[in-house]
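Descriptive structure summary
Spelled out, the chains give:
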Amino acid sequence: MITARAAASFDPVGRSVAAARAFVRDTLQGWGFADIVDDAVVLTSELVTNAVVHAGTRADVLCLRAEGGVRVEVADRYPDRELPLAPPDRLYADPDRESGRGLMLCAALATRWGVEYTTTRKHVWFRLDLPDRPVGTRSAGPVVPDQLLPLAETRVRVAVLQIDAAGTISAWNEDAEYVFGYPAEKALGRPLSELAAWPQTPGTGTGVAEALGLSRWEGSYGIRGADGRVIPVYASHLRVRDAHGEPSTVCLLVHDDERAVLQSPTRVPAEDGRLTEPRTADPFEVFIGSPAPDDLDGLLQRTVERARDMLDADSAFLLLATDDETELEVRATTGLPSTRQRFARVPVEAGTNRFGSARMPAVHDDLSVVPGAVPLLDSTGMRSVVTVPLKVEGRLTGSLGVAAETPGRYSNDEALRLQFAADRIALAVESARLGELERLRRGSLSFLVEASDLLAGTLDRDQTLALMAQMTVPTLATWCAVYTITDQTSDPYLSYVLHEDEDRIDALKALLVQVDPPEPVTETGARPWAAAAAAVHAETVVLPLLARNRVIGMLTLGKPHEEHFRQEILELAEDLSRRAALALDNARLYSERTAISRSLQRSLLPPGSPAIPGMEVEVIYRAAGEGNEVGGDFYDVFPIRDGAYGFAIGDVCGTGPEAAAVTGLARHALRLLAREGLGGPAVLQRLNAAILDEGARSRFLTLLYGELHPQPDGGALMKVVCAGHPLPLRLRPDGQVLPAADPQPLLGVIDDLDLYEQTLTLDPGDVLLCVTDGVTERREGTRMLGDDGLTDVLTTCTGLTAGAVAARVLRAVERFAAEPASDDMAILAFRVPEQRTGD
């Protein structure tokens, strides 16, 4: 049964892929399907890419919510495209190829998928089922004698919060202030989501909004205290409503190692069907007989708690082995400073004897005699310890240990009991670990897809640096710093700093400036940076930014000392650094080439228009194309000799750099030839020869060239030659508009040009308007402004200054069509001011 649907269409452009991903992500998160968002985003990205990029058609995306999962359909407009089939023993596509990966990913990630054809389009659909998981994370310890109960502070602090229907805190008791450090006035009115570091551990699928919306919920998460540290808590939520019917949620929170205060005992069905409290059972039997939680961290945490209870220990710990079985990673502890140790690593083989290997059971009667034998327990006060390996089919999965504050507490009998328990739980641990790795892999794939898309969307260096940092914090680290290297002889420069707490950015930057930058190395992978770690009191790693076989910078990541980097996070950061380095280097190359291009283009522009006595002169120039300052259109106004000025406006065939090169040739040749005393026809004839001498690089051009001689009586004498260019228009004070020259052959086509010069006199109040065809050929569909349209605009300019005339023409051109101009455009206006009569 379909319970909700959402649909959107996307144009066949590259940016639509990111928009489709955002649409699917927002839709599924709004439906509460956080567990399958990453898979859905990856599949949608591939299928929409096939439609809008490879097929070049619009893509229609439809999301359908049903009981137990979601169906996503991606349709394109190519119903006759063939489905790429392959023999049964082969994959649908090669993972290294650009095509066919969408269907291969569907086969790998989707619960079900298929292709459907209609008369108008083709649908590729996939379904993702929600995993079967209980609401929240519930667990319970056995009924044990009083002397075996876990230790707690003399006074157990229970923080009581009340959350209103809008998700904001409406009540905050004294214990909450004590535990988290916020006074009531700083907490009331804030959304709980601002304080909750949710979830505290991977694998917890319920978010803040979902948990607050349930009638009852219990589980673990983190609250960020006033000092910025994450405080692990165990919470019990109960949804209530007041006398007016307004709903709210009462939250009871304790430190996570005091969860027994709030945790509900598991109830089992009696013979008559009623739920009853569990019978008193041996802790060991409860340990090995209870079902495992769905998430890895919940399983590990319950394992160490029950191992501690089983052997009457003061603490317990569980470490998981890396894939190569050379190191063990701390994943769960109880009775120890777990947040400080989490994700720390120790070697599997710590010594030459059997007690130094995690592959064998070991009993240490007194750790003070052999300091460092169990690095995890250094400075914890623990004296005796027993450790056993977790193995599955002979492969080391992890190590389980319990410890006590008194020496000589454990013997081989306890080691055998613990080993038997470890053997029973090892398979569940390995299964949950593999499930977590798969979820991390899929989440990483989705993260890198979006990161690549964002980095590829900009060529601006500063924006690339900002994107790199924002993708890193807080997803991968608490803070990050990016160092850049201009060239191989320069020192690394601190270019960007970001912290998840914006108020700490300036202080962090000040600390890092005082530390020598990390040494640039070409070795891939993360390495510790001890100098920064000591300065900022955080675990710090450095990853090189390598692009085109050279180091262009370093990406530095940091976390508080009590939070260690996971290997999976460092591997993901390494993948991100490779993509970011290439994007940063591309931005550098683009910036350098843009700067060179602009410098060269500016050299082709006139230095400025001279002030001509008794004349108003206005120039407006627009080059088509992003980043172009000079194109195929050009203009110039320059002095020739005393009392005489030259002017030109022209249009080289084409646009862009090739046309700009001819523009420079024409402008400089005109100035040189005119100052040699040559008349207009001679100037243009020699310029025509110079263009033809360029051979294959030559381009024809239209040109209006003239000489202007201001007259003592206030008018101006003009001599003009119009070589294939739009005719200049003369506006009289009475509103009459007439062409001011005759058309003649353009330049750059034939050798022998027979050109002649025409003379006209501008009287006071007259305007001479010269434009390029970018003005007259402005189009909107099948309509074109044309000579008549320009004449109509000029007719309305009577009495305006030269600047106002040029501005009105430009405004008319821009308003004629909605799309940006695709051709270069130049406007040159001359006006003889009207003489004022005295009083």
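What comes next concerns the included structure. Every chain is numbered independently, its residues counted from 1 as its sequence is written. Given that the model is predicted, a residue must reach a pLDDT of at least 70 before its local features are reported, and side-chain atom pairs must reach 80 or more before they are shown or counted; all residues, however, enter totals for whole chains, interfaces and linings. The side-chain quantities take in all heavy atoms of the structure and omit both hydrogens and water.

**Comments concerning the overall build of the protein chain**
Rule in force here: Elements are defined by DSSP. Helices are runs of H or I of four residues or more, strands are runs of E of two residues or more, and each kind is numbered from the N terminus. In this scheme, a residue with accessible area under 20% of its type's maximum is buried, one over 50% is exposed, and one in between is partly exposed, where area comes from a 1.4 Å probe on protein chains only. Any two residues whose heavy atoms approach within 4.5 Å are treated as being in contact. To be clear on the numbers: accessible area is Shrake-Rupley with a 1.4 Å probe, and residue cover counts the displayed protein chains and nothing else.
Along the backbone of the protein chain there are 20 helices and 36 strands. Classification of the 839 residues of the protein chain by burial places 48% in the buried group. Here the contacts in the protein chain between residues at least 6 apart in sequence split such that 61% fall between residues at least 24 apart. For the protein chain, the exposed area adds up to about 40400 Å²; of that, 51% sits on carbon and sulfur atoms.

**Quick look at the pattern of salt bridges**
Quick reminder of the rule: Salt bridges are defined as contacts in which a side-chain nitrogen from Lys or Arg sits within 4 Å of a carboxyl oxygen from Asp or Glu.
Tallied over the entire structure, the rule returns 34 salt bridges. One salt bridge in this structure joins Asp575 and Arg578, with 2.1 Å as the shortest N-O distance. Residue Asp575 and its partner Arg578 are both found in helix α15 (residues 567-604); the two are separated by three residues, about one turn of the helix. For Arg578, a relative accessible area of 44% puts it in the partly exposed group. Sharing partners across several salt bridges, the network here consists of Arg548, Arg550, Asp585 and Arg588.

**With respect to the packing of helix α19 (residues 786-795) against helix α20 (residues 802-816)**
The following threshold applies: To get an axis, a line is fitted to the C-alpha atoms, and for a helix only the part in contact is used. The angle between two axes follows their N-to-C directions and goes from 0 to 180 degrees. Put simply, angles under 35 degrees are roughly parallel, angles over 145 are roughly antiparallel, angles from 65 to 115 are roughly perpendicular, and the rest are oblique. Crossings are assigned a handedness: left-handed for a near helix turned anticlockwise from the far helix by less than a right angle, right-handed for a clockwise turn. Residues are sorted three ways: Asp, Glu, Lys and Arg are charged, Ala, Val, Leu, Ile, Met, Phe, Trp, Tyr, Cys and Pro are nonpolar, and all the rest, Gly among them, are polar.
Axis separation between α19 and α20 bottoms out at 10 Å; the angle between their running directions is 135°. Here α19 is positioned oblique relative to α20, judged by the angle of their axes. For the crossing formed where α19 meets α20, the hand is right-handed. Contacts between α19 and α20 involve Leu790, Val793 and Leu794 from the first element and Val805, Arg808, Val809 and Ala812 from the second. A breakdown of the residues in the contact of α19 with α20 according to their chemical character gives six nonpolar, no polar and one charged.

**Considering helix α9 (residues 296-310)**
Keep this limit in mind: The length a helix should cover is 1.5 Å for every residue beyond the first.
With 15 residues, α9 extends 21 Å from end C-alpha to end C-alpha; this agrees with the ideal 21 Å at 1.5 Å per step. Within α9, 15 of the 15 residues are buried, which leaves the element mostly enclosed by the surrounding structure. One or two positions beyond α9, positive phi appears at Asp312, with a value near 50°.

**Digging into a nonpolar patch on the surface**
Applicable threshold: To count toward a patch, a residue needs a relative accessible area over 30% and no salt bridge; like charges are then connected within 9 Å, while nonpolar side chains (Val, Leu, Ile, Met, Phe, Trp, Tyr) are connected within 5 Å.
Together, Phe700, Val749 and Ile750 line one region of the surface with nonpolar side chains, adding up to about 260 Å² of accessible area. For Ile750, the position within the fold is in the loop between β31 (737-739) and β32 (758-762). With a relative accessible area of 42%, Ile750 lands in the partly exposed category.

**Comments concerning the nonpolar core**
Stated formally: Here the nonpolar core consists of buried residues drawn from Ala, Val, Leu, Ile, Met, Phe, Trp, Tyr and Cys, with membership extended through side-chain atoms lying within 4.5 Å.
In this structure, Met468, Leu512, Leu545 and Leu557 are the most contacted members of the largest nonpolar core, which totals 49 residues. Tallying contributions element by element places α15 first for this core, with nine residues. Sequence-distant contacts of Leu557, defined by excluding residues within four places in its chain, comprise Thr472, Ala477, Trp479, Cys480, Glu539, Thr540, Val541, Leu543, Phe565 and Ala573. Ranked by size, the runner-up nonpolar core spans 34 residues in total, among them Val48, Cys63, Ala110 and Phe126.

**Some points on the sheet that holds strand β19 (residues 395-404)**
Heads up, the condition is: Here, strands pair whenever DSSP counts at least two bridges between them.
What the six strands build is an open sheet, ordered β16-β15-β14-β19-β18-β17; its pairing is antiparallel. Each edge of the open sheet carries a strand with a single partner, namely β16 (345-347) and β17 (362-364). Direction aside, the axes of adjacent strands within the sheet are offset by 25° on average. Where strand β14 (residues 315-321) and strand β15 (residues 327-334) come together, six bridges link them in antiparallel fashion. In the strand pairing of β15, Leu318 is matched with Ala332. Contacting β14, β15 and β19, α9 crosses the sheet at an angle of about 65° to β15. Contacts from helix α11 (residues 412-456) reach β14, β15, β17, β18 (384-392) and β19, with the element oriented near 45° to β18.

**Focus: the sheet that holds strand β30 (residues 729-731)**
The strands that make up a sheet pair up through hydrogen bonds in the backbone, lying either parallel or antiparallel. The sheet built from five strands is open, its strands ordered β25-β36-β33-β30-β31 with antiparallel pairing. Because the sheet does not close on itself, it has two edges, and the strands there are β25 (616-622) and β31. Across the sheet, the mean angle from the axis of one strand to that of its neighbour is 20°, orientation sign disregarded. Note that β30 and strand β33 (residues 767-771) share three bridges and pair antiparallel. Paired with Leu729 across the strands is Leu769, a residue of β33. Here α19 sits on the sheet and contacts β30, β31 and β33; the angle it forms with β30, its principal contact strand, is near 25°. Docked against the sheet, α20 engages β25, β33 and β36 (825-831), running at close to 25° with respect to β25.

**Describing the state of the cysteines**
Convention followed: Sulfur atoms of two cysteines make up a disulfide when they are within 2.5 Å.
A complete count under the given rule lists zero disulfides for this structure. You can see Cys722 has no disulfide; the closest cysteine sulfur is in Cys770, sitting 8.8 Å from it.

**Focus on the packing of α11 against helix α12 (residues 461-472)**
Running from amino to carboxyl end, α11 crosses α12 at an angle of 165°, the nearest separation of the two axes being 10 Å. Classified by the angle their axes make, α11 and α12 are roughly antiparallel. As for how α11 packs across α12, the hand of that crossing is right-handed. Seen from α11, the contacting residues are Phe447, Ala451, Leu454 and Leu455; seen from α12, they are Thr464, Leu467 and Met471. Along the lines of polarity and charge, the residues of the contact of α11 with α12 split into six nonpolar, one polar and no charged.

**Overview of the packing of aromatic side chains**
Rules: Ring pairs are drawn from Phe, Tyr and Trp, using the six-membered ring of Trp, whenever the two centres fall within 6.5 Å, and their geometry is named by plane angle: stacked under 30 degrees, edge-to-face over 60, tilted for the rest.
For the structure shown, the criterion picks out six aromatic pairs. Ring geometry for Tyr621 and Tyr635: centres 5.8 Å apart, planes at 50°, overall tilted. Of this pair, Tyr621 sits in strand β25 while Tyr635 is found in strand β26 (residues 633-641), placing the two residues 14 residues apart along the sequence. Each of the two residues, Tyr621 as well as Tyr635, counts as buried.

**Concerning unusual backbone geometry**
Look at the link from Val473 to Pro474: it is a cis peptide, with omega at 0°. Looking at the element boundaries, Pro474 is found in the loop between α12 and β20 (479-484). Phi angles above zero are rare outside glycine, and Arg548 is one such case at about 55°. Relative to the helices and strands, Arg548 resides in the loop between β23 (538-547) and β24 (550-560). In this structure, Asn549 is a non-glycine residue whose phi angle is positive, near 65°. Summarising the element assignment, Asn549 is placed in the loop between β23 and β24. Owing to a relative accessible area of 83%, Asn549 belongs among the exposed residues under this scheme.

Geometric descriptors of this kind do not, in isolation, establish any biological role.
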